[in-house]
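For reference, the chains in residue letters:
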Amino acid sequence: MIELENDTEQASEELKIPDVLPLLPIRDVVVYPFMIIPLFVGREMSVKAVDSALAGDRMILLATQHDVGDEDPPADKIYEVGTVAMIMRMLKLPDGRVKILVQGLTKARITEYVTDKPFYTVRVERQNDIPVGDISLETEALIRTVREQLTKVMDLGKQISPEVMVILENVQDPGSMADLVSSNLGLKVADAQTLLEINDPIVRLTKVNEFLNREVELLSVQAKIQNAAREEMGKNHKEYYLREQMKAIQSELGDNEGKEELIEIRKAIESAKMPEAVKKEALKQLGRLENMHPDGGEASIVRTYLDWMVELPWSKATRDSLDIVRAKTILDDDHFYLEKIKERILEFLAVRKLKKKMKGPILCFVGPPGVGKTSLGKSIARAMNRKFVRISLGGVRDEAEIRGHRRTYIGALPGRILQGLKQAGANNPVFMLDELDKLGYDYKGDPSSALLEVLDPEQNHSFSDHYINQPFDLSNVMFVATANQMDPIPSALRDRMEVINLAGYTEEEKLEIAKRYLVPRQIKENGLKAKHISFDDESLSEIVSKYTREAGLRNLEREIGKICRKVARKVAEGNPRLVKVTAKSLHTYLGPEKYIREEDLDKNEIGVVNGLAWTPVGGEVLHIEASLMAGKPALTLTGQLGDVMKESVQAAQSYIRAHAGILHLKPEIFQDNEIHVHVPAGGIPKDGPSAGVAMTVALVSILCHIPVKKDVAMTGEVTLRGKVLPIGGLKEKILAAVRSRMRLVIIPEQNKKDLEDIPPAILKKIKIVAVSEVEEALRLALEKYPPAAPAAGKKAGKSASSAAAQKGAVRSGAGA
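Right, let's walk through the structure included here. Fair warning: this is a prediction, and the values are worked out from it, not measured in the lab.

Okay, the overall build of the protein chain next. A count of helices and strands for the protein chain gives 27 helices and 26 strands. Compactness check: the protein chain gives a C-alpha radius of gyration of 50 Å against a globular reference of 28 Å for 816 residues, more than 25% above the reference. Principal-axis analysis of the C-alpha atoms places the extent of the protein chain at approximately 155 × 75 × 60 Å. At a minimum sequence separation of 6, the contacts of the protein chain that also span at least 24 residues come to 75%. Surface accessibility of the protein chain: about 41,300 Å² in total, with carbon and sulfur atoms responsible for 51%. Averaging the locations of the 115 positively and 117 negatively charged side chains of the protein chain gives two centres separated by 13 Å.

Attention now moves to the sheet that holds strand β10 (residues 388-392). Strands pair in a sheet through their backbones, by hydrogen bonds, and they do so in one of two ways: parallel or antiparallel. Pairing is parallel in the open sheet, where 5 strands are placed in the order β10-β11-β14-β9-β15. The open sheet has two edge strands with one neighbour each: β10 and β15 (498-501). For this sheet, the mean angle separating the axes of adjacent strands, direction not counted, is 20 degrees. In the sheet, strand β9 (residues 362-366) pairs with β15 via 4 bridges, with the strands oriented parallel. Opposite L363, over in β15, you have E498 as the bridge partner. Of the strands in this sheet, β9, β10, β11 (430-434) and β14 (478-483) touch helix α13 (residues 373-384), which is tilted by about 175 degrees from β11.

All right, on to the pairing of strand β3 (residues 20-26) then. Looking along a regular strand, one sees the side chains alternate between the two faces of the sheet. Across the 7 residues of β3, 6 count as buried, placing the element largely inside the fold. Bridge count for β3 against strand β8 (residues 121-126) is 3 bridges, and the pairing is antiparallel. Bridge pairing links P22 to T121 in β8. Pairing geometry for β3 and strand β5 (residues 59-64), over 4 bridges, is parallel. Among the inter-strand pairings, I26 is bridged to a residue of β5, identified as T64.

On to the nonpolar core. By size, the foremost hydrophobic cluster in this structure holds 63 residues, and its most contacted members are L24, L62 and I100. Excluding residues that lie within four positions of it along the chain, I100 makes contacts with L24, I37, P38, L39, V41, V50, I87, R89 and M90. Membership of the second largest hydrophobic core comes to 53 residues, among which are C364, V389, F431 and L451.

Moving on, we get to unusual backbone geometry. Note that the residue after K117, namely P118, is joined by a cis bond; omega there is -5 degrees. Even without being glycine, K273 reaches a positive phi, approximately 55 degrees. Mapped onto the fold, K273 is located in the loop between α8 (257-271) and α9 (276-290). Taking relative accessible area as the criterion, K273 reaches 62% and is therefore assigned exposed. Non-glycine residue N469 carries a positive phi angle of around 60 degrees.

The next point concerns the packing of helix α18 (residues 507-525) against helix α20 (residues 554-572). At their nearest, the axes of α18 and α20 sit 10 Å apart, and the two run at 45 degrees to each other. In terms of axis orientation, α18 runs oblique to α20. Here α18 runs over α20; the crossing is right-handed. Across from K510, A514, L518, V519, R521, Q522 and I523 in α18, the residues of α20 making contact are L556, E557, I560, G561 and C564.

About the criteria used
Residues numbered from 1 in each chain as written. Predicted model: local features only at pLDDT ≥ 70, side-chain atom pairs only at ≥ 80, totals over all residues. Heavy atoms only, no water. Helix = DSSP H or I, 4+ residues; strand = E, 2+ residues; numbered from the N terminus. Rg over C-alpha atoms; globule rule 2.2 N^0.38 Å. Contact = heavy atoms within 4.5 Å. Areas by Shrake-Rupley, 256 points an atom, 1.4 Å probe, with all protein chains shown as cover. Lys, Arg positive; Asp, Glu negative; His and termini not counted. Charge placed at Lys NZ, Arg CZ, Asp CG, Glu CD. Pairing = 2+ DSSP bridges. Axes fitted to C-alpha atoms, helices over the stretch in contact; angles between N-to-C directions. Buried < 20%, exposed > 50% of the residue type's maximum accessible area, 1.4 Å probe, protein only. Core = buried A, V, L, I, M, F, W, Y, C linked by side-chain atoms within 4.5 Å. Parallel < 35°, antiparallel > 145°, perpendicular 65-115°, else oblique. Left-handed = near helix turned anticlockwise from the far one by under 90°.

Structure follows, in structure tokens:
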């Protein structure tokens, strides 16, 4: 038997403790000697241990287990040092549990586990405190410090019973004081167990003092935070209090709209099928929103952000229609000609049919206004059974228009790309970027640089908008850009797109389009029927050639609409008979002709050459005139020529002087004469190198006094060695030659490949000869070449007649 001497009662009274005791593992609490505490016992093993103790001397060992959640702790998960306690009272509860009231007697260490079924019985060894002896000054100071610190803890808001403070005033033993304070301080189990295992009372009390100091610091900081919060509430306290009252009243009335809204947002997030990282961020923001006041400013920002997150089509896509025959029918029904673009779309559908997962193509349609670039995008979407989204980039100067604003700004929204996808409701629409060449830039950024990521198939699978700030996959989107000219588009952006050029329509194509599409549409839009109005082919051809001058069809449709409106007025006034629109009656509806073409040359003339020029509204024939006059040697150029075009004349002159021997020209002809070159119309700017051949022919004609054939037109750049270099806009130039009833067109050898783009019907109407040397062009254009005898230099030359003025800016150089 172990003898225990109770120092707090009578020193002479001895309490005997058995060597073997039942063990009661306890959770989340450490029992100290002389501590009285109620315990709830629910585990079957623990109840049997309590019954065994009650059947004997009512003594039991209380030892704390390591893991609170362990229902059946093994021996190595129970602390070795515990407290022998006396069961003072026991009460059985209706749910089968037992409530006991115990008092700690003394500390003891488990030396051996005797049995483990049906409950633990253990052999114990008493743990006595080291005797203190007389209380020293240091110990007395420590005791007082502990009392003062405990008082501070109470003052800072710690809940400690006043009875404890009274008892503490009368306790002088360091060990008892340490046990009393630690049992009421609410320490963690590991810290409390550490104190229990210390047998030196002074060391134990010093450790308790450290815990008290830490508790005082924690409570002080906590009080400081609470005071700061109260001060911050300040003026808004009353409003906050009233809102909280309103919140409570609404809750009592069952008005939980705010809560229901959060539930709806959570459901929307779950059903949006977002990528895992995006969903995690959305739920994080929803958690923030749940902790905010619903009327707070930041709450509305987070709510708007979450609305955008759930409404974006993260995983919604339309199913592509892969019926190639149907797609071809739709494209043919909507647009006449444009074979290259139709073929490219059908190729994409064919590959898509063979390969399920592929990146969307990025196309760029380049052509003059009115040729059907935008309407073509709608037809592509209809043929593929995709949604169609169009945004106009004309005048956009801010990078945020593409990438969006950051959420820190008031009124921030995603960029136009994600706005368009939300509007479409699918992540694979046909997305048209209209007027790409009209983008601007300023101090706010360069939108074209932001488009580099959007239009790069290697990057746009993780496009990051500043507002959403999460990667969005754009690789399924079919981007179609449109532009009138390629020059303003940055090279890096141009490199990311597949460029398809749309040239202007020929008169024959315009006639066919007017018959198939424009006339029926205008009849319908003006409330007429086919029985009210009809157009013959001759009248439509007259409208195309004499009332419009454009590469596209907009003005043509306006003129047709003007006629339909006049007929609609007659029908509305009660005259429903059929109106047949003929070439002779056009003057009645449209007034006098707006465009009169230049008079064709009636004979071969010296110094007058038919040059070919490209304009934004199609090709034109220019009558380039040259004149030789007596005077100081000089070269005069008129007609608002650009620098490049002036250099072409100078290069032609240098070529002729270098080859004066072949041309039988004496040096005096250059020294005693002034050369004047004029390109009508003088009020229209002109530039480009492609008039080099025409300039050379004109100069040779006046210097050698040889007439130029009136039915020959030409284009091409000339070098000092007489080489003919390729030019651009060949289709438009040949069409202009056909309209002017030219018999022969001279083109550079390297442009023969471009003849594939010209309709076969046009090629049958005119003879085209490709040349690589300017000498070949001279043989074809002049009445005779080379001159048979030396040409006499004339002191004065007769200026050729001027050509009719052209409408619109003329550019004779290579370009589109």
